[in-house]
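# Per-entry structural report
Read off the chains here:
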Amino acid sequence: MERTLLIIKPDATERNLIGHIVYRLERAGFRVVNMRMEQLTEVRAREFYAVHEGKPFLDSLVSFMVSGPVVPMELERENAISSLRELIGATNPKDAACGTIRQEIARDIEKNSVHASDSPENAKKEIAFFFE
Ligand code: ATP
Ligand code: MG
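For the structure given in this document, a descriptive report is provided here.

Rules of the game
- Residues numbered from 1 in each chain as written.
- Chains lettered and ligands numbered in written order.
- Predicted model: local features only at pLDDT ≥ 70, side-chain atom pairs only at ≥ 80, totals over all residues.
- Heavy atoms only, no water.
- Core = buried A, V, L, I, M, F, W, Y, C linked by side-chain atoms within 4.5 Å.
- Buried < 20%, exposed > 50% of the residue type's maximum accessible area, 1.4 Å probe, protein only.
- Helix = DSSP H or I, 4+ residues; strand = E, 2+ residues; numbered from the N terminus.
- Contact = heavy atoms within 4.5 Å.
- Pairing = 2+ DSSP bridges.

The next point concerns the nonpolar core. Membership of the largest hydrophobic core comes to 19 residues, with the highest contact counts inside it found for Leu-6, Ile-21, Leu-25, Met-73 and Leu-84. Counting residues per element, the ones that place at least two in this core are β1 (2–8), α2 (18–27), β3 (71–77), α5 (80–88), α6 (101–105) and β4 (114–116). Ranked by residues supplied to this core, first place goes to α5 with four residues. Filtering out sequence-adjacent residues up to four positions away, Met-73 remains in contact with Thr-4, Leu-5, Leu-6, Ile-8, Val-22, Leu-25, Val-32, Asn-34, Met-35 and Phe-131. Grouped together as the second largest cluster of nonpolar side chains are 16 residues, Ile-7, Tyr-49, Leu-58 and Phe-131 included.

This is how it looks when you write it as structure tokens:
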């Protein structure tokens, strides 16, 4: 069993898609082991996205992430990290495979509805960021 972190982003909470996303995750075999709603501050959003320091999209991404509440959740499943990345689909919904969450509900490359940890190291860090 492995654990990973998913965040429902503000574009999805705004459109009342929390239940839809949780349903899709549970249907794919993920167990929700921790979940809450948070209004990120700019300081916390920048800290979370520190890996993107210097990228041209960072300021806009931070504004978007504080524009409404987010729902971080800790998920458990076999191969949770790689299976969740597969289930959410490519960063840009235009490139996301059919049947993925982003292909179905994301608006664009920035407002792409969900975040998922991309490695065991980041999963550990990101779970601690929200749940410790
Ligand atoms: P996430 O980290 O949210 O799971 P990801 O790993 O698919 O997404 P990253 O490259 O880590 O993508 O980018 C983090 C987030 O920054 C993306 O999910 C998206 O919201 C935003 N982003 C990434 N690239 C761009 C871009 N070129 N233009 C605008 N926003 C972008
Ligand atoms: Mg990423």
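We are not done yet, so read on.
With five of seven residues buried, β1 is to be regarded as a mostly interior element. Taken together, the seven bridges between β1 and β3 define a ladder with antiparallel strand orientation. Across the sheet, the residue bridging to Thr-4 is Leu-75, located in β3. Across three bridges, the pairing between β1 and β4 is antiparallel. Within the sheet, the bridge partner assigned to Ile-7 lies in β4 and is His-115.

By themselves, these observations are geometric and do not establish any function.
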